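Each chain, letter by letter, is given below.
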Amino acid sequence: GAVVSQHPSWVICKSGTSVKIECRSLDFQATTMFWYRQFPKQSLMLMATSNEGSKATYEQGVEKDKFLINHASLTLSTLTVTSAHPEDSSFYICSAAPLAGDIYEQYFGPGTRLTVT
Amino acid sequence: AQSVTQLGSHVSVSEGALVLLRCNYSSSVPPYLFWYVQYPNQGLQLLLKYTTGATLVKGINGFEAEFKKSETSFHLTKPSAHMSDAAEYFCAVSATNRDDKIIFGKGTRLHILP
């Protein structure tokens, strides 16, 4: 149980285009989902916390107009990278916290590799 | 606020030898502590966690960690390394309330020497 999927697993896009990444909790409901960014050989940096039905909370330094987060249901959150540029190339990982659990019970998705050319 | 320091970005051990990955934390409130493992191009897998109770925590794949409040440490150990243990390991901390986030350390890459 407690499986989180991400789609796509990798994507290549041209500079200036937008890319949407989906994060789904497959066998549980999640009121809270998190989006992380990981640069090569570095740690995960939390980008934003997303709660179902409300606006996401962005970490300091993260452009909310560039990284649009939607958490429309208890099993789906999406991250849209708008007007992507090469510096947005990274590994994006989501996690989901179960509805009935503590916040530390985060289950991580397998990640999405974004390459912007 | 919470923070995590992992000592050593790279650790190499011989197959069969003891694995010791160091983690020190800073927290103004009682912490939740975690160790995660990440294999190349994959997400994170929880190895073990400390929340309350017994300070020696056993996890998957033979790993364990001990919460030492006096030393603000949560080092990860495994008695005998296996080649399959080669991966990136992240220590993480969270405050013990539902609204806080998990803060990750910078990671330690574990290399296993044949």
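Preceding this section is the structure that the text describes.
Residues numbered from 1 in each chain as written. Chains lettered and ligands numbered in written order. Predicted model: local features only at pLDDT ≥ 70, side-chain atom pairs only at ≥ 80, totals over all residues. Heavy atoms only, no water.

## What about the overall build of chain A?
Inference 1: Looking only at helices and strands, chain A has zero helices and eleven strands in total.
Inference 2: When the helices and strands of chain A are read in sequence order from the N terminus, they spell out β-β-β-β-β-β-β-β-β-β-β.
Inference 3: On C-alpha atoms alone, chain A measures out to a radius of gyration of 13 Å, which is about the 13 Å that the 2.2 N^0.38 rule sets for 117 residues.
Inference 4: Along the longest, intermediate and shortest principal axes, the C-alpha atoms of chain A span 40 × 25 × 25 Å.
Inference 5: For chain A, the residues scored as buried account for 50% of the 117 residues in total.
Inference 6: Relative to all contacts within chain A whose residues are 6 or more apart in sequence, the contacts with residues 24 or more apart total 56%.
Inference 7: Accessible surface computed for chain A: about 5600 Å², of which carbon and sulfur atoms make up 53%.
Inference 8: Of the side-chain charges in chain A, 9 are positive and 10 negative, and the distance between the mean point of each set is 9 Å. (Helix = DSSP H or I, 4+ residues; strand = E, 2+ residues; numbered from the N terminus. Rg over C-alpha atoms; globule rule 2.2 N^0.38 Å. Buried < 20%, exposed > 50% of the residue type's maximum accessible area, 1.4 Å probe, protein only. Contact = heavy atoms within 4.5 Å. Areas by Shrake-Rupley, 256 points an atom, 1.4 Å probe, with all protein chains shown as cover. Lys, Arg positive; Asp, Glu negative; His and termini not counted. Charge placed at Lys NZ, Arg CZ, Asp CG, Glu CD.)

## As for the packing of aromatic side chains
Inference 1: If you walk through the whole model with that rule in mind, you get twelve aromatic pairs over all chains.
Inference 2: For the pair Tyr36(A) and Phe104(B), a centre-to-centre distance of 5.6 Å together with 85° between the ring planes defines the contact as edge-to-face. Of this pair, Tyr36(A) sits in strand β4 (residues 30–38) while Phe104(B) is found in strand β10 (residues 103–104), placing the two residues in two different chains.
Inference 3: Taking the relative accessible area as the measure of exposure, Tyr36(A) reaches 0% and is therefore buried. (Phe/Tyr/Trp six-rings, centres within 6.5 Å; stacked < 30°, edge-to-face > 60°.)

## Things to note about the sheet that holds strand β3 (residues 19–26) of chain B
Residues and elements named next belong to chain B.
Inference 1: The antiparallel open sheet is built from five strands, whose spatial order is β1-β3-β8-β7-β6. At either margin of the open sheet sits one strand with a lone partner, and together these are β1 (3–7) and β6 (56–58). Looking at each pair of strands side by side, their axes are set apart by 20° on average, direction ignored.
Inference 2: The pairing of β6 with strand β7 (residues 64–68) spans three bridges and is antiparallel. Across the sheet, Leu 56 pairs through a bridge with Glu 66, a residue of β7. (Pairing = 2+ DSSP bridges. Axes fitted to C-alpha atoms, helices over the stretch in contact; angles between N-to-C directions.)

## Thoughts on the interface of chain A and chain B
Inference 1: Counting from both sides, the interface comprises 22 residues of chain A and, opposite them, 20 residues of chain B.
Inference 2: For the pair chain A and chain B, the summed buried area comes to about 1600 Å², and 55% of that belongs to carbon and sulfur atoms.
Inference 3: Connecting chain A to chain B are zero salt bridges.
Inference 4: Where chain A packs against chain B, one counts three residue pairs in polar contact (both at pLDDT 80 or more).
Inference 5: At the level of secondary structure, the elements contributing two or more residues to the side of chain A that touches chain B comprise β4, β5 (44–51) and β9 (90–98) of chain A.
Inference 6: The residue inventory of the side of chain A that touches chain B, partitioned by class, reads eleven nonpolar, eight polar and three charged. (Buried area = accessible area lost by both parts, 1.4 Å probe. Salt bridge = Lys/Arg side-chain N within 4 Å of Asp/Glu carboxyl O. Polar contact = N/O pair within 3.5 Å; in protein donor to acceptor, adjacent residues only side chain to side chain. Nonpolar A, V, L, I, M, F, W, Y, C, P; charged D, E, K, R; others polar.)

## Describing the environment of Cys94(A)
Inference 1: Relative to the helices and strands, Cys94(A) is located in strand β9.
Inference 2: What Cys94(A) contacts, discounting residues up to four positions off in sequence, is Val4(A), Ser5(A), Gln6(A), Cys23(A), Phe34(A), Trp35(A), Tyr107(A), Phe108(A) and Gly109(A).

## Details of the environment of Pro98(A)
Inference 1: Inspection of the secondary structure assignment puts Pro98(A) in strand β9.
Inference 2: A sequence separation of 68 residues divides Pro98(A) from Ala30(A), and the C-alpha atoms of the two residues are 4.4 Å apart.

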